Amino acid sequence: MDFLRVAGAQLNLVVGDLEGNHDRIAGAMAWAESEQADVLLLPELAITGYPPEDLLIRSAFVDANLDVLRRLAEVAADVVTVVGFADRV
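Below, the structure is looked at part by part. Just so we're clear, the structure is a prediction, and the values are computed from it rather than from any experiment. (Residues numbered from 1 in each chain as written. Predicted model: local features only at pLDDT ≥ 70, side-chain atom pairs only at ≥ 80, totals over all residues. Heavy atoms only, no water.)

### Quick notes on the nonpolar core
Nonpolar side chains in soluble globular proteins tend to end up buried together. In this structure, Ile25, Leu40, Leu42 and Ile47 are the most contacted members of the largest nonpolar core, which totals 19 residues. Elements represented by at least two residues in this core include exactly α1 (18–34) and α2 (59–75). At five residues, the largest contribution of residues to this core is made by α1. (Core = buried A, V, L, I, M, F, W, Y, C linked by side-chain atoms within 4.5 Å. Buried < 20%, exposed > 50% of the residue type's maximum accessible area, 1.4 Å probe, protein only. Helix = DSSP H or I, 4+ residues; strand = E, 2+ residues; numbered from the N terminus.)

### Focus: the sheet that holds strand β1 (residues 6–8)
Taken together, the three strands give an open sheet; going across it, the order is β1-β2-β3, and neighbouring strands pair in parallel fashion. If you trace the sheet from one side to the other, it starts and ends with β1 and β3 (80–82), each paired once. Strand after strand, the sheet turns through a mean of 20° between neighbouring axes, direction not considered. With three bridges joining them, β1 and strand β2 (residues 39–41) adopt parallel strand pairing. Opposite Ala7, over in β2, you have Leu40 as the bridge partner. Packing against the sheet, α1 makes contact with β1, β2 and β3, and its axis sits at approximately 145° to β2. (Pairing = 2+ DSSP bridges. Axes fitted to C-alpha atoms, helices over the stretch in contact; angles between N-to-C directions. Contact = heavy atoms within 4.5 Å.)

None of this, on its own, says anything about what the molecule does.
Dropping the structure here:
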């Protein structure tokens, strides 16, 4: 391959709306596949919405955001997706 097709998605992500953000991100992933992109770039902390602030001190919220990350990985196809999420340090 002599080129790399990079797609970017500026989504209307909502702070704390993990399920809604999952659906928006999954839709962008499907769009990038349909456009034959090689890489999809999403906003910082796309899964949690930005800025998540106090939500990050809730262990259950961080766990739920990691579950969304896993579910997105399960539906991923050929496009490499760069997605922001919160992880434990």
